[in-house]
Amino acid sequence: MSLIQLESITKTFKAKPVNIEALRGVSIQVEAGQIYGIVGYSGAGKSTLIRIINQLETQSSGAVILNGVNLSSLSKPQLRKKRQKIGMIFQHFNLLWSRTIAKNIELPMEIAGVAREIRKKKVRELIDLVGLSGREKDYPSTLSGGQKQRVGIARALANQPDILLCDEATSALDPKTTVSILELLQKINQELGLTIILITHQMEVIQKICHRVAIMSDGQIVEEGEVSEVFSTPKHSITKGFVAGVMGVEVEEELKERLLSLYPDAHLLKLNFAGAITDEPILANVIQKSKAKASIIHASITHVSGKPIGFLIVAIDKKHASGQKEFVSLLKKEGVKVEVIS
Amino acid sequence: MSELWAAIDWTQMAEALKQTLYMSFVSLFYAVIGGTLVGIALYLTQPKGLHPNAVIYRILDIWVNLFRSIPFIILMIIMFPLTKILVGSILGMKAAIPALVLSAVPFFARLTMIAFNEVDKGTIEAVLSMGASTFDVLWKVLLPEAAPALVSAIAVTGINLVGYTSMAGAIGSGGLGNLAYLYGFARRNNVILFFSTAVIVLIVFLIQFVGDFVSRLIDKR
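The following refers to the structure shown.

Rules used in this analysis
Residues numbered from 1 in each chain as written. Chains lettered and ligands numbered in written order. Predicted model: local features only at pLDDT ≥ 70, side-chain atom pairs only at ≥ 80, totals over all residues. Heavy atoms only, no water. Contact = heavy atoms within 4.5 Å. Buried area = accessible area lost by both parts, 1.4 Å probe. Salt bridge = Lys/Arg side-chain N within 4 Å of Asp/Glu carboxyl O. Polar contact = N/O pair within 3.5 Å; in protein donor to acceptor, adjacent residues only side chain to side chain. Helix = DSSP H or I, 4+ residues; strand = E, 2+ residues; numbered from the N terminus. Nonpolar A, V, L, I, M, F, W, Y, C, P; charged D, E, K, R; others polar. Buried < 20%, exposed > 50% of the residue type's maximum accessible area, 1.4 Å probe, protein only.

## Re the interface of chain B and chain A
It is common to give the size of an interface as the accessible area lost on bringing the parts into contact.
Argument step 1. With 22 residues of chain B at the contact, the number on the chain A side is 22 residues.
Argument step 2. Carbon and sulfur atoms supply 62% of the area buried between chain B and chain A, which totals about 2,000 Å² over both sides.
Argument step 3. For chain B, the biggest contributors to the area lost against chain A are Met130, Lys140 and Lys220 of chain B; these three give 32% of the whole.
Argument step 4. Taken together, the links from chain B to chain A amount to two salt bridges.
Argument step 5. Salt-bridge contacts for Arg51 of chain A lead to Glu125 of chain B; the nearest nitrogen and oxygen are separated by 2.4 Å.
Argument step 6. Here chain B and chain A share seven residue pairs in polar contact (both at pLDDT 80 or more) between them.
Argument step 7. Here the side of chain B that touches chain A takes seven residues from helix α7 (residues 121-129) of chain B, the largest share from any one element.
Argument step 8. Here the residues of the side of chain B that touches chain A are counted per class, giving nine nonpolar, five polar and eight charged.

## Comments concerning the environment of Val119 of chain B
Argument step 1. The topology assignment puts Val119 of chain B in the loop between α6 (93-117) and α7.
Argument step 2. For the pair formed by Val119 of chain B and Asn53 of chain B, sequence separation is 66 residues and the distance between their alpha carbons is 21 Å.

## Digging into the environment of Met109 of chain A
Argument step 1. Within the fold, Met109 of chain A resides in helix α3 (residues 101-112).
Argument step 2. What makes Met109 of chain A buried here is its relative accessible area of 2%.

## Describing the pattern of salt bridges
Argument step 1. A full pass over the atoms with the stated rule returns 19 salt bridges over all chains.
Argument step 2. Lys46 of chain A is paired through a salt bridge with Glu168 of chain A; the nearest N and O atoms lie 3.5 Å apart. With Lys46 of chain A in helix α1 (residues 46-53) and Glu168 of chain A in the loop between β7 (163-167) and α6 (175-192), this pair connects stretches of sequence that are 122 residues apart.
Argument step 3. Using a relative accessible area of 4% as the deciding quantity, one classes Lys46 of chain A as buried.
Argument step 4. With relative accessibility at 8%, the residue Glu168 of chain A sits in the buried group.
Argument step 5. Between Arg135 of chain A and Asp138 of chain A there is a salt bridge whose closest N-O contact spans 2.5 Å.
Argument step 6. Using a relative accessible area of 23% as the deciding quantity, one classes Arg135 of chain A as partly exposed.
Argument step 7. Where salt bridges share partners, they join Arg51 and Asp167 of chain A together with Glu125 of chain B into one cluster.

These figures come from the coordinates and say nothing about function on their own.
Written out as structure tokens, the structure reads:
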């Protein structure tokens, strides 16, 4: 059974003149040990969704099942106990300025009633883990954004949670700091086996550390799957927009139109590469064998979860189209998806 | 100059100062305790609070507004019967305490609620996500995070109370106000009038100074 199961979650906020349907039937499953990303533009409902997982918000209908336990069946004290095992970090860190860094990290353990000596020992471990040794007695106001988020992470890990919820955890950070925080999250995932659910509007975050991704729009999940799969073959238009954004390319339709007008006398082929096959010099081999006069007119390759993913668009002059058939069939034999644009 | 000083009865002045300080600080003590409790109740029961309760909130809200709008001198007079029951007399410094407390509790309660509402909602959400109870939220987040604002609120309330004791003094509770009114104004002794006023001003300045100092000291933002 999945560690986290959300079943047909809906959430309606009462408002005037019309109620707001923030979530319209969201179901996801997250396996233990995964980093699961939920991406969407603001207003898509992802903040509400992540808060329903630890019941900071209660759903209007549907069920949240963690480790086989339906959270709606818990009493308030039981729910509080459960929350101690679900860490959460925030976009704006939400540290207590009145407490030192060590005391901030200690706070969840105070709430859980952990003995003083154990708390102190755990704080030292966590400060080391997040790389803030020597700053124990400082106040949060003296830290940079990235350091504050490190304290946030240490605090979220204090009660050895099973799940870590990340609410736009890198959205307030600069690109360099974002990378270092993502690396820290990845390290925690690998070393502690912690399941991480994160919401973000930055597709780069998904690309960098997530295993699976769900794309949200207007209170619904429009696409879901392995990250490499979603990146190589996005289906929904919103997903395509996100993927195009992170690949630094135009939205596919616009790109095709532009290239067609630039190369009216050529056949255009789109070659999709996905996974390990891109390590082979496929294109060089195929061009040699087929003698097709193919020229690359557009390329976009990136790496998702360590695997190269991307596509090339090649043009073959209509006058020299002889080798084209063989070119295509040889490519298909190598596992490259070929789409004839014109 | 020495003639001027001779117009002041120093034992009387010291006694009046003692009474003013006693009335101000004893009533401040009770007002802070009572006001904090009412303020917490207002904060928790307000719409979108941690435990929204429209009935309790409305009652407290109206009570606070009502008692904040009754001028102190009138409040003191209409409280005479109750004061008589509580203290046994309507004269003397102890008799001023109930009215002083009752006027300061709603004021401090409102300031407490405002201070709590100023606490970053994100930090409250964060501790709730850790499994905190309402008591944890109050004790570990709201009170420490609102502490600088609460210290300022204590100073402002204290200053108000010093002012009120002077009014109370005019109708028989003793203290510097009583001295200024009865001996300074009524017997046309301007030296006593101005000197006791100066002492009151000094107390107010001192409270403000200490309040600002402590507030800044504990503010780690």
